Amino acid sequence: MAQINHWKSLIDCDLSGYTLIIPSVAVGNVGQLACDLVISSLQMRKIALLYSPALIPVSGYDPYKIGSSSLSVCCELYECADRKLVILLLRAPLVYKYGQQFLTEVVDKFKADNIKDIVILTSSFAHEKKHIMTSPFRYVANELCTHMSKLKTLDWVEHESKEDGVKILGGGFASILYQIIKEKSVPCLVLYKFASEGDNIPDAYEMVQHLNTVVPLFDEPDFYSQLIHPVSWNLMFGGPPPRNIY
Amino acid sequence: MSSFGEINEPSSRTAWEDWDDGLYSENLTELRFDREMEVPRDINTFIILEGRYIYDSIRTQHNLELINTIADVNLRLYKTKKLGNYVCVIRNYSLVLSSEIVELLKKYINISTNVVAMLTKPLVEYQVAELVTKDYILRSLCTSKQLSKPINIVFPNLEQPNIISGISAGVLCWRETMDQPAIAVVCYIEHPEEQQIKELYDLLEKLDVIPHVENIHRTNLMNSNLYI
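What you see is a predicted model, and the numbers here were worked out from it, not measured in a lab.

### A short note on the overall build of chain A
- Broken down by element type, chain A carries five helices and ten strands.
- For 246 residues, the compact-globule estimate of 2.2 N^0.38 gives 18 Å, and chain A sits close to it at 18 Å.
- Overall, the C-alpha framework of chain A stretches about 55 × 45 × 40 Å when taken along its three principal axes.
- Each of the 246 residues in chain A was classed as buried or not, and the buried ones make up 59%.
- Contacts in chain A between residues at least 24 apart in sequence constitute 78% of all its contacts with a sequence separation of at least 6.
- A total of about 10400 Å² of accessible surface is found on chain A, and carbon and sulfur atoms cover 52% of it.
- Side chains of chain A give 22 positive and 26 negative charges; the mean places of these two sets differ by 3 Å.

### As for the pattern of salt bridges
- For the structure shown, the criterion picks out 15 salt bridges over all chains.
- Across the salt bridge formed by B:Arg52 and B:Asp56, the nearest N and O atoms sit 3.5 Å from each other. Here the residue B:Arg52 and the residue B:Asp56 both occupy positions in helix H2 (residues 52-58), the gap between them amounting to four residues, near one helical turn.
- According to the relative accessible area criterion, B:Arg52 is partly exposed, its value standing at 47%.
- With a relative accessible area of 11%, B:Asp56 lands in the buried category.
- Residue B:Glu103 pairs with B:Lys106 through a salt bridge whose shortest N-O separation is 2.8 Å. Note that B:Glu103 and B:Lys106 are positioned in helix H3 (residues 98-109) at a spacing of three residues, about one turn of the helix.
- Within the structure, one salt-bridge network assembled from shared partners comprises A:Lys46, A:Glu76 and A:Arg91.

### So, helix H1 (residues 30-41) of chain A
Residues and elements named next belong to chain A.
- A rise of 1.5 Å per residue sets the reference length of H1, with its twelve residues, at 16 Å; its end C-alpha atoms lie 16 Å apart and thus fit the reference within 8%.
- Burial analysis of H1 places twelve of its twelve residues in the buried class, the great majority of the element.
- Along H1, the residues classified as buried are Val30, Gly31, Gln32, Leu33, Ala34, Cys35, Asp36, Leu37, Val38, Ile39, Ser40 and Ser41.
- Buried residues along H1 sit in contact with strand S2 (19-23), strand S6 (75-80), strand S7 (85-90), strand S8 (117-125), strand S10 (188-195) and helix H5 (201-214).
- Positive phi appears at Gln43, one or two residues downstream of H1, with a value of about 50 degrees.

### Brief notes about helix H2 (residues 96-112) of chain A
- With 17 residues, H2(A) ought to run about 24 Å at 1.5 Å a step, and its terminal C-alpha atoms sit 25 Å apart, in line with that.
- Note on H2(A): the residue one or two positions beyond its end, A:Asn114, has a positive phi of about 60 degrees.

### Quick look at the nonpolar core
- Ranked by internal contacts, the top residues of the largest apolar core, which has 122 residues, are A:Leu90, A:Phe102, B:Phe46 and B:Leu49.
- Residue contributions to this core peak at seven residues, all from strand S8 (residues 183-189) of chain B.
- Core analysis: the second largest hydrophobic core is formed by 40 residues, A:Met44, A:Tyr64, A:Leu189 and A:Ile201 among them.

### Section: the sheet that holds strand S4 (residues 58-61) of chain A
- What the three strands build is an open sheet, ordered S5(A)-S4(A)-S7(B); its pairing is antiparallel. The sheet is open, and its two edges are formed by strand S5 (71-72) of chain A together with strand S7 (164-165) of chain B, each paired on a single side.
- Pairing analysis gives two bridges linking S4(A) to S7(B), with the strands arranged antiparallel. When the bridges of S7(B) are listed, A:Ser59 appears paired with B:Ile164.

### A short note on the interface of chain B and chain A
- Across the boundary between the two partners, chain B contributes 50 residues, which contact 56 residues of chain A.
- Here chain B and chain A share an interface that buries about 4400 Å² over both sides, 64% of which is from carbon and sulfur atoms.
- Counting across the interface, chain B meets chain A through two salt bridges.
- Our count for the chain B to chain A interface comes out at ten residue pairs in polar contact (both at pLDDT 80 or more).
- Listed by contribution, the elements that provide at least two residues to the side of chain B that touches chain A are helix H1 (11-15), H3, strand S6 (136-142), S7 and helix H4 (167-177) of chain B.
- By residue number, the principal contributor to the side of chain B that touches chain A is H4(B), which donates seven residues.
- Tallied by class, the residues present in the side of chain B that touches chain A amount to 23 nonpolar, 17 polar and ten charged.

### What about the side chain of B:Gln180?
- Structurally, B:Gln180 is set in the loop between H4 and S8.
- Discounting residues that sit within four places of it in the chain, B:Gln180 has contacts with B:Asn110, B:Thr143, B:Lys145 and B:Arg175.

### Digging into the pairing of S8(B)
Residues and elements named next belong to chain B.
- Counting buried positions over the seven residues of S8 gives seven, a clear majority of the element.
- Taking every second residue as pointing to the same face, both faces of S8 are buried, with Ile183, Val185, Cys187 and Ile189 on one and Ala184, Val186 and Tyr188 on the other.
- Here strand S5 (residues 112-122) pairs with S8 via seven bridges, running parallel. Along S8, the bridge assignment pairs Ala117 with Ala184.
- As defined by bridge partners, S6 adjoins S8 across seven bridges and the pair is classed as antiparallel. Looking at the pairing, Arg139 lines up with Val186 of S8.

What counts, and where the lines are drawn
- Residues numbered from 1 in each chain as written.
- Chains lettered and ligands numbered in written order.
- Predicted model: local features only at pLDDT ≥ 70, side-chain atom pairs only at ≥ 80, totals over all residues.
- Heavy atoms only, no water.
- Helix = DSSP H or I, 4+ residues; strand = E, 2+ residues; numbered from the N terminus.
- Rg over C-alpha atoms; globule rule 2.2 N^0.38 Å.
- Buried < 20%, exposed > 50% of the residue type's maximum accessible area, 1.4 Å probe, protein only.
- Contact = heavy atoms within 4.5 Å.
- Areas by Shrake-Rupley, 256 points an atom, 1.4 Å probe, with all protein chains shown as cover.
- Lys, Arg positive; Asp, Glu negative; His and termini not counted.
- Charge placed at Lys NZ, Arg CZ, Asp CG, Glu CD.
- Salt bridge = Lys/Arg side-chain N within 4 Å of Asp/Glu carboxyl O.
- Expected span 1.5 Å × (residues − 1).
- Core = buried A, V, L, I, M, F, W, Y, C linked by side-chain atoms within 4.5 Å.
- Pairing = 2+ DSSP bridges.
- Buried area = accessible area lost by both parts, 1.4 Å probe.
- Polar contact = N/O pair within 3.5 Å; in protein donor to acceptor, adjacent residues only side chain to side chain.
- Nonpolar A, V, L, I, M, F, W, Y, C, P; charged D, E, K, R; others polar.

Set out below in structure tokens:
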């Protein structure tokens with residue numbers, strides 16, 4: 001079958017030993033917002049573009065730099081060499097018809113690049129949370145997950161798996177991607193939060209804080225002061241109201 | 001501007017498919033052009049016109065020759081009689097099908113020296129910190145590589161966090177990935193039936209899509225429900 005993913009490399013990088021974060025387009029876009037926050041805060045650099053018919057096309061100018069005339073596309077790869085971290089940011093949902101092949105090609109590419117592990121950030125419908133007194137976060141990890149020992153020391157709640165595999169309702173392609181990664185024997189952790197559509201910025205902050213516990217990105221004492229709001233979050237709920245409504 | 005109380009959902013949240021039930025594993029139809037046609041060796045400019053406003057503006061023009069269609073997505077492919085440019089006109093299509101449509105257009109896009117896309121969006125979706133007082137706003141998005149033959153009409157860059165989506169965005173992304181030039185001109189408009197946007201007509205004339213701007217008179221009668 002012909003490859004559907006077309007990469008354009010902007011900067012050559014050796015990704016051996018890197019952690020790859022992939023946000024799943026899910027309820028409240030929590031994973032994507034969290035990645036936005038990390039990219040903006042760590043001032044990660046764009047190292048590649050990915051075009052695929054699996055992505056609903058969107059385009060605009062660089063969402064992290066006001067006044068930039070650098071074009072941004074629907075899927076881009078950002079890198080932070082200090083933290084050995086890459087983020088594959090998806091700005092649009094996947095088209096189901098091509099989804100499986102897109103994800104398989106993505107996993108194959110990064111496996112060939114010798115990345116250390118993959119972390120999937122996603123969310124699930126808030127109404128799916130059955131035990132209301134527990135944390136809104138859940139995780140799933142495969143046997144190869146490099147964060148297992150750390151996870152055991154934390155008081156985190158594991159996702160309740162059913163016989164037919166991991167199913168995160170409202171979590172977009174996270175379950176399918178997890179399955180592919182598992183089959184390809186790549187270490188993987190899925191972290192998700194129960195959320196609803198609305199103002200999901202607080203969810204993103206919490207998600208980054210949880211992620212920081214297992215994948216150290218920011219120094220703990222002043223965690224929140226190190227996070228930088230991406231400029232693309234401005235006007236998330238529109239501009240000023242029209243005067244003629246008053 | 002927006003109507004009071006109107007709920008304006010971000011488009012990313014309305015377009016996504018529900019993956020939870022796996023309902024899409026069957027009945028996946030494949031789009032195709034209605035006629036098998038030979039693709040030319042090269043095209044000077046490939047023009048994409050998206051949306052009903054632009055469709056209405058050019059539908060009565062006689063310097064366009066219809067060469068192919070994709071009826072399922074209201075796509076019509078024309079060739080301009082004078083310059084031999086290709087013009088793809090599309091309206092009312094499902095956003096989920098955009099990338100598949102771009103795949104079908106690739107055989108034309110890849111051999112085109114320049115690609116110019118024009119699309120309209122509701123003014124309410126234009127996001128800036130200042131109050132918008134104009135009836136329409138024109139902005140542009142360009143690939144890193146500039147057009148070999150500039151369109152000679154300058155439109156300000158689209159400000160962040162505004163984005164475009166759909167076929168024009170797909171073509172722009174593909175051209176950027178392939179290191180080829182393209183430009184998208186986006187027109188945010190409030191009352192399409194009442195507007196004659198001269199800058200857009202000038203561009204259409206320059207691209208040989210319409211003959212002379214002076215001769216263009218949009219008839220709003222067909223779009224009006226006054227007499228229905």
